Amino acid sequence: MSTFSELLINSYREVPDRVSITVLLSGQEDRPITYRQLVEGAAVWANTFDRQGIRPGEVVVLILQHGFDLIFAYWGAILHGAIPSIMPFLTEKLQPDRYRADLTALVGITRPECIVTYPEFEEEVRTALPQQSSVRKLIVSNALSAPETLDLQAFKGLQRTEQDIVLLQHSSGTTGLQKGVALAHGAVLNQLNSYSQALQINEQDVIVSWLPLYHDMGLIAGFLMPILKRIPLVLLSPFEWVRAPARLMHAVSKYKGTLSWLPNFAYNFCALKTRDRDLEGIDLSTWRAISNCSEPMRYESHRAFYDRFAPYGLKESTLCTCYAMAENVFAVTQGGIENPVLIDEIDREAMQARKLAEPASTQKPSVKMVSAGKPIRNVEVKVVDEKGHDLPDRHIGELVLRSDSMLTGYYHRQDATEKAIRNGWYFTGDYGYKVGKDVFVAGRKKEMIIVGGKNVYPMDLEEPAMEVHGVHPGRVVAFGVFNEAAGTEDVVIVAEVDTDIQEERDVIGDTIRQTVTRGSAVALRHVYLVDAKWLIKTSSGKNARTANKEKYLQETSSSEL
Amino acid sequence: MKEEFIQKIGAYIANEVLKQPNRVIKPDQALISSGMIDSFSLVDLALFVEDNFNVHLDDSELNKETFDTLDQLADLIASREA
């Protein structure tokens, strides 16, 4: 066993001129980064952290865009032995109020010692910090101090042990930022060993990724695994991919990409939004595994993607699946590598009413469930009922897991850690069932919205909407509604307002959209304004999101929107 | 001509993006910087413009610096058509 710094330094010594990452940015030449360049670039940051008095074991929050600064600052923190955590960067100018709320949430719980950002955001970040915060240093990306010589032995990260925490992962939003998943060197490396075995990684492999690095899928599968395991990585920007999804196919074709990870919506998005003209001369035959991961997997999405790209050499066997979460570092299961992904057609009524995954009969409505595959080595998965008792095959319950790659805990959140881990088992909050070793995910317990592969807590959308003038305080509800065409959830906000003048309602609706989109970077698909007393409240006064969602669906399906 | 662009694209945004068919979008109303159109819908908008006006918008142009209102978008289309 080893640590991140040791592995990176070994690569520097053994294969200094091997290209680790090729960065693809619009309007620029593709830029390769060798292991030598990676260590040299990171050394500048490591030296800067050291000079600024940041000590090993302290938390460094990175507020940087997808690109070179982020790559080097991340590894610089690692080499210095500090604990990096990437905070999502908003593309539009930050909305000070919302950003302040997010930063306060993060700083309040995680208590980072250092924040890194661009000079142009320094002032904004500084004003967003609470008084007397834990943050001792705010480092800007143009005030770095390069070391006089590169002394590999001097990196303080080399003194870290397997049990030490190497990184924190947060999900986005005020709520998500309050729960940082703390992972140790040993846990991450155990995961990378068993996951690369499950993927049957070989010398021909090239990973192509456009995923953001603040998310576990992008960070682990699309950044740390390739760098630490010496698998060449071709890295695209999420902001550029979303405007031109064919960039992914171009990168795979040009660099003979073999492995990628995509959230379910991306299958629909790529299939629907690329034109033949954008795909001329493309060859996708090298792509051997695209793993559908991070939001509910849909059979229809796989079909649409395959039909669209088969003429360009995409193989059907490329369509793989994966069930993953930051609390297990990343992958829990992987499907489609050894055998084609199992499709299980089950009876819809039995699933919904009796929590049973019964094979469908021909007469009744059915659902095609996509297997997430089998647990990777060193991960055990069980299905349990509400009391925590094991359930047999084809019974739907909560998925729980145990492995050698689990989180150390939620950082500074002993309460949340104890709630999630019981007797060594991590309770995922996802519903699912098993058939033999295959795991099927069938819903979730937590009130999270998963939109475009991103986890969103409803309260993080409701709170800013409640602050909009004209909205009844406390009378807002947010939820996700699955959109078949998009292959993901649409975010809906229902808000009670006083006025019935259409122009005023339009203004309120626009302001809600603007406030929520700019504050959380989540686009609302539908803002539904209703009269006072429309929302259903539970007896405790708490928001009954499910009941309100049903009421919304009834109203909007029976009348014109 | 320009009015026709504005009307047609405005109706598209009201129907498909905002899901408010009766909504009229003003020619000078901010679309991107206001958060009305998110990045996912921008690609759709570009495809709509291409299909209906036979004008190609490059992905590097899908930002508020290139156009942020119907008025600016209509000008952009008109300049390409010439």
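The shown structure was predicted, so the numbers you read here are calculated from the model rather than taken from an experiment.

In this structure, what is going on with the overall build of chain A? I would like to understand it.
Of regular secondary structure, chain A possesses 17 helices and 28 strands. Against the globule reference of 24 Å for 561 residues, chain A gives a C-alpha radius of gyration of 24 Å, in line with a compact fold. Within chain A, the proportion of its 561 residues that are buried is 52%. Summarising the internal contacts of chain A: among those between residues at least 6 apart in sequence, 70% fall at separations of at least 24.

Explanation requested: the overall build of chain B in the structure shown.
Broken down by element type, chain B carries three helices and zero strands. Starting at the N terminus and ending at the C terminus, chain B contains elements arranged as α-α-α. Here the C-alpha atoms of chain B give a radius of gyration of 11 Å, agreeing with the 12 Å that 2.2 N^0.38 yields for 82 residues. Reported as C-alpha extents along the three principal axes, the dimensions of chain B are approximately 30 × 25 × 20 Å. Out of the 82 residues in chain B, the part that is buried amounts to 30%. The contacts of chain B with a sequence gap of at least 6 include a subset with a gap of at least 24, amounting to 62%.

Would you mind going over the packing of helix α1 (residues 2–17) of chain B against helix α2 (residues 39–53) of chain B with me for this structure?
How two helices pack is summed up by the angle between their axes together with the distance between the axes. Residues and elements named next belong to chain B. Running from N to C, α1 and α2 point in directions that differ by 140°, and their axes come no closer than 11 Å. The angle between α1 and α2 places the two elements in the oblique class. Classified by chirality, the crossing of α2 by α1 is right-handed. Touching F5, K8, Y12, E16 and V17 of α1 are S41, D44, F48, N52 and F53, all from α2. When grouped by side-chain class, the residues that make up the contact of α1 with α2 number five nonpolar, two polar and three charged.

Please clarify how the interface of chain A and chain B should be interpreted in this entry.
Size of an interface, as often reported, equals the accessible area lost when the parts are brought together. Contact with chain A, which involves 18 residues of that partner, is made by 15 residues of chain B. Contributions of two or more residues to the side of chain A that touches chain B are made by α9 (238–243) and α16 (502–520) of chain A. For the side of chain A that touches chain B, the per-class residue count stands at four nonpolar, six polar and eight charged.

Explanation requested: the sheet that holds strand β8 (residues 181–184) of chain A in the structure shown.
Note: strands within a sheet are paired through backbone hydrogen bonds, in either parallel or antiparallel orientation. All names here are of chain A. Spatially, three strands are ordered β7-β8-β20 in an open sheet, and the strand pairing comes out antiparallel. Strand pairing shows two members of the sheet lacking a second neighbour, β7 (165–169) and β20 (409–410), which therefore form its edges. As judged from the four bridges shared by β7 and β8, these two strands associate in the antiparallel manner. Paired with L168 across the two strands is A182, which belongs to β8.

Help me understand the nonpolar core in this model?
Grouped burial of nonpolar side chains is what soluble globular proteins tend to show. Residues and elements named next belong to chain A. V60, L62, I63 and L183 are the most contacted members of the largest nonpolar core, which has 143 residues in total. A domain-level breakdown of this core finds at least three residues from each of domain 1 (4–179) and domain 2 (339–444). Once residues within four sequence positions are removed from consideration, V60 is found in contact with F49, I54, A77, A82, I83, P84, P112, C114 and V116. Core analysis: the next-biggest nonpolar cluster, separate from the first, contains 28 residues, L461, V476, V492 and I508 among them.

Looking at this structure, how should I read the domain arrangement of chain A?
Residue and element names in this part refer to chain A. The assigned domain composition of chain A is domain 1 (4–179), domain 2 (339–444) and domain 3 (449–558). Domain 1 and domain 2 are separated by 35 Å when their C-alpha centres are compared. Each partner contributes residues to the interface: domain 1 has six residues there, and domain 2 has six residues. At the level of elements, α4 (96–110) and β7 are the ones that each hand at least two residues to the side of domain 1 that touches domain 2. Here the residues of the side of domain 1 that touches domain 2 sort into three nonpolar, one polar and two charged.

I keep staring at the sheet that holds strand β5 (residues 114–117) of chain A and nothing clicks. Help me out?
Residue and element names in this part refer to chain A. With parallel pairing, the four strands of this open sheet are ordered in space as β4-β3-β5-β6. Each edge of the open sheet is held by one strand with a lone partner, namely β4 (83–86) and β6 (137–140). Recorded for the sheet is a direction-independent mean angle of 25° between the axes of neighbouring strands. Along the sheet, helix α3 (residues 68–80) contacts β3 (59–62), β4 and β5; its crossing angle with β3, the most-contacted strand, is approximately 175°.

Mind showing me how you'd approach the packing of helix α7 (residues 185–198) of chain A against helix α8 (residues 216–228) of chain A here?
All names here are of chain A. Orientation of α7 relative to α8, taken along the N-to-C sense of each, is 85°, at an axis distance of 11 Å. Relative to α8, the element α7 lies roughly perpendicular. Contacts between α7 and α8 involve V188, L192, Y195 and S196 on the former and, on the latter, L224, M225 and L228. The residue inventory of the contact of α7 with α8, partitioned by class, reads six nonpolar, one polar and no charged.

What should I look at first to understand helix α1 (residues 4–14) of chain A in this one?
Since the α-helix turns once every 3.6 residues, residues separated by three or four places project in the same direction. All names here are of chain A. Listing the buried residues of α1 in full gives F4, S5, L8, S11 and Y12. On an axial view of α1, the arc spanned by its buried residues comes to 130°, and they lie on one face. Opposite the buried face of α1, by more than 90 degrees, sit the exposed residues R13 and E14. Against the buried residues of α1 lie α2 (35–51), α3, β7, α7 and α8.

What should I look at first to understand helix α15 (residues 458–466) of chain A in this one?
Burial of α15(A) is extensive: seven of the nine residues sit out of reach of the surface. Among all positions of α15(A), only A:P458, A:D460, A:L461, A:E462, A:E463, A:P464 and A:A465 are buried.

Is there a simple way to think about the confidence of the model for chain B in this case?
Regions with low pLDDT should not have their predicted coordinates read in detail. Averaged over chain B, the pLDDT score is 88; the fraction of residues at 70 or greater is 99%. At the level of chain-chain contacts, confidence expressed as ipTM amounts to 0.81, with global pTM at 0.91.

Looking at this structure, I do not really get the pairing of β3(A). What am I missing?
Sheet faces and side chains relate simply in a regular strand, where the side chains alternate between the two faces. Residue and element names in this part refer to chain A. Neither face of β3 is open: one carries V59 and V61, the other V60 and L62, and all of them are buried. As paired elements, β3 and β4 share four bridges and run parallel to each other. Bridge pairing in β4 links V59 to I83. Traced from β3 through α3 to β4, the parallel crossover comes out right-handed.

Looking at this model, I keep getting lost on unusual backbone geometry. Mind explaining?
Trans peptide bonds make up the majority, and among non-glycine residues the majority have a negative phi. Residue and element names in this part refer to chain A. Located in the positive-phi region is R230, a residue other than glycine, with phi close to 60°. Tracing the sequence through the fold places R230 in the loop between α8 and β10 (233–236). Positive phi values are uncommon outside glycine, yet S294 reaches one of about 90°. Tracing the sequence through the fold places S294 in the loop between β12 (289–292) and α12 (299–309). The exposure class assigned to S294 is buried, which follows from the 28 C-beta atoms found within 10 Å.

Parameters at a glance
Residues numbered from 1 in each chain as written. Chains lettered and ligands numbered in written order. Predicted model: local features only at pLDDT ≥ 70, side-chain atom pairs only at ≥ 80, totals over all residues. Helix = DSSP H or I, 4+ residues; strand = E, 2+ residues; numbered from the N terminus. Rg over C-alpha atoms; globule rule 2.2 N^0.38 Å. Buried ≥ 20, exposed ≤ 12 C-beta atoms within 10 Å, placed from the backbone. Contact = placed C-beta atoms within 7 Å. Axes fitted to C-alpha atoms, helices over the stretch in contact; angles between N-to-C directions. Parallel < 35°, antiparallel > 145°, perpendicular 65-115°, else oblique. Left-handed = near helix turned anticlockwise from the far one by under 90°. Nonpolar A, V, L, I, M, F, W, Y, C, P; charged D, E, K, R; others polar. Pairing = 2+ DSSP bridges. Core = buried A, V, L, I, M, F, W, Y, C linked by C-beta atoms within 7 Å. Domains from an automatic or database assignment. Arc of directions from axis to C-beta. pLDDT = per-residue confidence, 0-100. Right-handed = clockwise from strand over helix to strand, strands pointing away.

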